[in-house]
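So you can see what is in the structure, the chains are spelled out below.
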Amino acid sequence: MQYWLIKSDPETYSFEQMKKDKRTFWDGVRNYAARNHLRSMKKGDLCFFYESMRGEPAIRGVVKVVKEHYQDPTTTEDWSCVDVEFVEGWKTPVTLKEIKANKKLSQMALVRLARLSVQPVREDEWEEILRMKEKK
DNA sequence: GCCAACGTTGGC
DNA sequence: GCCAACGTTGGC
């Protein structure tokens, strides 16, 4: 089992929408590194849902991979997408500011490779973020 | 809205 | 295959 973090610009697809849809296909990834991560995702893997750009950039909840990668239907080029399902929304999101302020998370791709839209999360990082969420 | 950081493109 | 130019992302 692997953990991931997927980013979305809420103007394109918000966590609010994710919650409403319950399930969606994660399309539109147009970056090779991100695509490779999509292709490594396994059914049952958990992902943090991160919203960028508008408002406070933050992790807002958790979604689960329910279908492994397949051809992105929005293009004929060689890109992939996966299906994800809503798991839980957090009342108080864990913000980028808080993540940056936490020394244990300084190695996170979110901090070091800000533009990578699909990234792996280490187990200790996953747990640390859950701890931060619980403490609120 | 600005701009730094990064990825991609294309000329050589 | 290098690297400058350009486009895009995303934090602030």
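Residues numbered from 1 in each chain as written. Chains lettered and ligands numbered in written order. Predicted model: local features only at pLDDT ≥ 70, side-chain atom pairs only at ≥ 80, totals over all residues. Heavy atoms only, no water.

Q: Please clarify how the environment of Lys103 should be interpreted in this entry.
A: Tracing the chain through its elements places Lys103 in the loop between helix H3 (96-101) and helix H4 (109-112). When the C-alpha positions of Lys103 and Val66 are compared, they lie 32 Å apart, and in sequence the two are 37 residues distant. (Helix = DSSP H or I, 4+ residues; strand = E, 2+ residues; numbered from the N terminus.)

Q: Would you mind going over the protein's contact with DNA strand B with me for this structure?
A: Neighbouring DNA strand B are Asn31, Tyr32, Arg112 and Arg115. Residues that form the surface near DNA strand B fall into these classes: one nonpolar, one polar and two charged. (Near = heavy atom within 4 Å. Nonpolar A, V, L, I, M, F, W, Y, C, P; charged D, E, K, R; others polar.)

Q: Even after reading the chapter, I still don't get the pairing of strand S4 (residues 58-71), so can you show me in this structure?
A: The side chains of a regular strand alternate between the sheet's two faces. Strand direction decides the pairing type here: strand S3 (residues 46-51) and S4, joined by six bridges, are antiparallel. Of the residues in S4, the one forming a bridge with Leu46 is Lys64. The hairpin turn running from S3 into S4, its antiparallel successor, is six residues long, and Met53 in that turn takes a positive phi close to 70°. The pairing of S4 with strand S5 (residues 80-95) spans ten bridges and is classified as antiparallel. The residue bridging Gln71 from the neighbouring strand is Ser80, located in S5. (Pairing = 2+ DSSP bridges.)

Q: It is not clear to me how the packing of aromatic side chains should be interpreted in this structure. Could you clarify?
A: What describes a pair of aromatic rings is the distance from one ring centre to the other and the angle between the planes of the rings. One pass over the full model with this rule turns up eight aromatic pairs. Ring centres of Phe15 and Phe49 lie 4.8 Å apart, and the angle between their planes is 50°; on these two criteria the pair is classed as tilted. Pair noted here: Phe15 is in helix H1 (residues 15-21) and Phe49 is in strand S3, with a separation of 34 residues, a long-range link. The same class applies to Phe15 as to Phe49, namely buried. Taken together, the ring pairs connect Tyr13, Phe15, Trp26, Phe49 and Phe86 into an aromatic cluster. Here the guanidinium or amino end of Lys67 rests over the ring plane of Tyr70, the centre of that ring lying 4.3 Å away. (Phe/Tyr/Trp six-rings, centres within 6.5 Å; stacked < 30°, edge-to-face > 60°. Buried < 20%, exposed > 50% of the residue type's maximum accessible area, 1.4 Å probe, protein only. Lys NZ or Arg CZ within 6 Å of the ring centre and 35° of its normal.)

Q: What am I meant to see in the environment of Asn31 here?
A: Turning to its location among the elements, Asn31 is positioned in the loop between strand S2 (23-26) and helix H2 (32-40). Overall, Asn31 belongs to the partly exposed group, its relative accessible area being 32%. Sequence spacing of Asn31 and Arg54 is 23 residues, and the spatial spacing of their C-alpha atoms is 21 Å. Those residues in contact with Asn31 that sit more than four places away from it in its chain are Trp79 and Leu116. From its side chain, Asn31 meets the backbone nitrogen of Ala33 in a polar contact 3.0 Å long. (Contact = heavy atoms within 4.5 Å. Polar contact = N/O pair within 3.5 Å; in protein donor to acceptor, adjacent residues only side chain to side chain.)

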